[in-house]
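One letter stands for each residue in the lines below.
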Amino acid sequence: MAYETILVETRGRVGLLTLNRPKALNALNSTVLREVVEALQAFEADAAVGAIVVTGSEKAFAAGADIREMQPKSYIDMYMEDFFSGWDALGRVRKPIIAAVSGYALGGGCELAMMCDFIIASDTAKFGQPEITLGVMPGMGGSQRLTHFVGKSKAMDMCLTGRMMDAAEAERSGLVSRVVPAADLLDEALKAAAKIAAFSLPAVMMTKEAVNRSYETTLTEGLRFERRVFHAMFALEDQKEGMAAFVDKRSPNFRNR
Ligand code: CO8
């Protein structure tokens, strides 16, 4: 499938999606949205893919929603189109998605990274929600997800001043899981994804679902959900294999991948 604004390939069992609108620093317009969602749904449906990496260029993961596309729109345009609600489709992808972020991840770019399951950043990464400088506010989850990641004080600081956060601060604040040298970013992200993709896919998907549940519910309900899913995993062939392999002191050979 040929896309206009993204590149898509598979490396072993990892699906790799690269945002590719270099002239606009990967600004997210409607075409990017349609293509990203289509490509992720294709990875989701492909039994040969066990994990996904989303990345951009060295200079920009994505510099935000496309300001030129949004500029002429009226309230009624935004409302009737339910502008950018299409990005909600990312939340329905059940396979794990790693964001590999180098350079600018601003506005919608930061929000796209936060929609992924975790973020590996290069030491050149810069995160920010600069919408306030444009007379608006985050509209793809930034005011909510950033607050969950970094807490109220830092989220307020980022959203109200529009300042950028460098990679070291992003790691300190819990926005990213690890920071690696820029030259190693893609390799490290692919390595992490390949590791995940070698595990039992149903176990991986259930784990993702359980961690995400913690954002949506109370501790008591979350713990109940975790226990139910944990019990259900004893119906998996891969549980038998994983535990037998440990006891036999050999590597597991997971079937459900
Ligand atoms: N949209 C459109 N074009 C962009 C964007 C963008 N977000 N960012 C960069 N570009 C374009 C520039 O216009 C420029 O194009 P051209 O060469 O044709 O003039 C090209 O990319 C290169 O950019 P610069 O020359 O500005 O590159 P610099 O290295 O000088 O600066 C920056 C890089 C600092 C990243 C700068 O480009 C910048 O500040 N960009 C805008 C960042 C921003 O404000 N992002 C937030 C956008 S708003 C948003 O994301 C809201 C999300 C919620 C929407 C959901 C609604 C429901």
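Scoring rules and cut-offs
Here the residue numbers are simple positions, counted from 1 along each chain's written sequence. The model is predicted, so local features are restricted to residues of pLDDT at least 70 and side-chain atom pairs to those at 80 or more, both for listing and for counting; the totals for chains, interfaces and linings are taken over all residues. Side-chain calculation: all heavy atoms of the structure are included, whereas hydrogens and water are not. Each helix is a run of H or I in the DSSP string that is no shorter than four residues. Each strand is a run of E no shorter than two, and both are numbered from the N terminus. The globule rule used here is 2.2 Å times the number of residues to the 0.38 power, and the radius of gyration it is set against is calculated over C-alpha atoms. When a residue's accessible area, from a 1.4 Å probe over protein chains only, is under 20% of the maximum for its type it is buried; when over 50% it is exposed; and in between it is partly exposed. Whether two residues are in contact is decided by their heavy atoms, any of which lying within 4.5 Å being enough. Only the protein chains shown count as cover for residues, and all accessible areas are computed by the Shrake-Rupley method using a 1.4 Å probe. The sign given to each residue is positive for Lys and Arg and negative for Asp and Glu; His and the chain ends receive no count. The location of each charge is read from NZ of Lys, CZ of Arg, CG of Asp or CD of Glu. Strand pairing is defined by DSSP finding a minimum of two bridges between the two strands. Angles run from 0 to 180 degrees between N-to-C directions of axes, and those axes are lines fitted to C-alpha atoms, restricted for helices to the stretch in contact. For this purpose, a residue is taken to be near a molecule or strand whenever a single non-hydrogen atom of the residue falls within 4 Å of it. Counted as a polar contact is a pair of N or O atoms within 3.5 Å, where, for protein atoms, one must be capable of donating a hydrogen and the other of accepting one, and residues adjacent in sequence contribute only when both atoms are in side chains. Following the grouping adopted for this structure description, the nonpolar residues are Ala, Val, Leu, Ile, Met, Phe, Trp, Tyr, Cys and Pro, the charged ones are Asp, Glu, Lys and Arg, and the polar ones are all others, Gly among them. Any Phe, Tyr or Trp ring, taking Trp's six-membered ring, that has another such ring centre within 6.5 Å forms a pair; planes under 30 degrees apart are called stacked, those over 60 apart edge-to-face, and the others tilted.

With that out of the way, let us pick up the overall build of the protein chain. In terms of regular secondary structure, the protein chain is built from 11 helices and 10 strands. Taking 18 Å as the expected radius of gyration for a compact globule of 257 residues, we find that the protein chain reaches 19 Å, a close match to that expectation. With the C-alpha coordinates aligned to their principal axes, the bounding extent of the protein chain is approximately 60 × 45 × 40 Å. Considering the protein chain as a whole, with its 257 residues, one finds that 43% of them fall into the buried category. In the protein chain, of all internal contacts separated by at least 6 residues, the share reaching a separation of at least 24 is 67%. Accessible surface, the protein chain: about 13,800 Å² in total, of which carbon and sulfur atoms supply 56%. Once the 30 positive and 32 negative side-chain charges of the protein chain are each reduced to a mean point, those two points are 5 Å apart.

Moving on, we get to the sheet that holds strand E2 (residues 14-19). The mixed open sheet is built from 6 strands, whose spatial order is E1-E2-E3-E5-E7-E10. Lying at the two open borders of the sheet, with one neighbouring strand each, are strand E1 (6-11) and strand E10 (178-180). Averaged over all pairs of adjacent strands, the angle between strand axes in this sheet comes to 20°, irrespective of strand direction. Bridge analysis of strand E3 (residues 51-55) against strand E5 (residues 97-101) gives 4 bridges, and the strand direction is parallel. Looking across to E5, one finds that Val 53 is bridged to Ile 98. Along the sheet, helix H8 (residues 185-197) makes contact with E1, E2, E3, E5, strand E7 (118-122) and E10, crossing E3 at roughly 160°.

As a further point, take the site of the ligand. Around the ligand, 24 residues are found, and the nearest of them are Lys 59, Ala 65, Ile 67, Arg 68 and Gly 108. Lys 59 is positioned with one of its side-chain polar atoms (N or O) 2.7 Å from an oxygen atom of the ligand. Separating an oxygen atom of the ligand from a backbone N or O atom of Ala 65 is a distance of 2.8 Å. Compared with its free state, where it exposes 1,100 Å², the ligand has 66% of that area covered by protein. Broken down by secondary-structure element, the contributors of at least two residues to the shell around the ligand are helix H2 (67-70), strand E6 (104-106) and helix H4 (108-115). With 3 residues, H2 is the largest single contributor of residues to the shell around the ligand. Here the shell around the ligand is composed, by residue class, of 14 nonpolar, 4 polar and 6 charged.

In this section: the packing of aromatic side chains. Within this structure, the stated rule accounts for 4 aromatic pairs. Both rings, one in Phe 83 and one in Phe 84, keep their centres 4.4 Å apart while their planes meet at 10°; by these two values the pair is stacked. Each of the two residues, Phe 83 as well as Phe 84, counts as buried. Aromatic rings pair up to connect Phe 83, Phe 84 and Trp 87 into one cluster.

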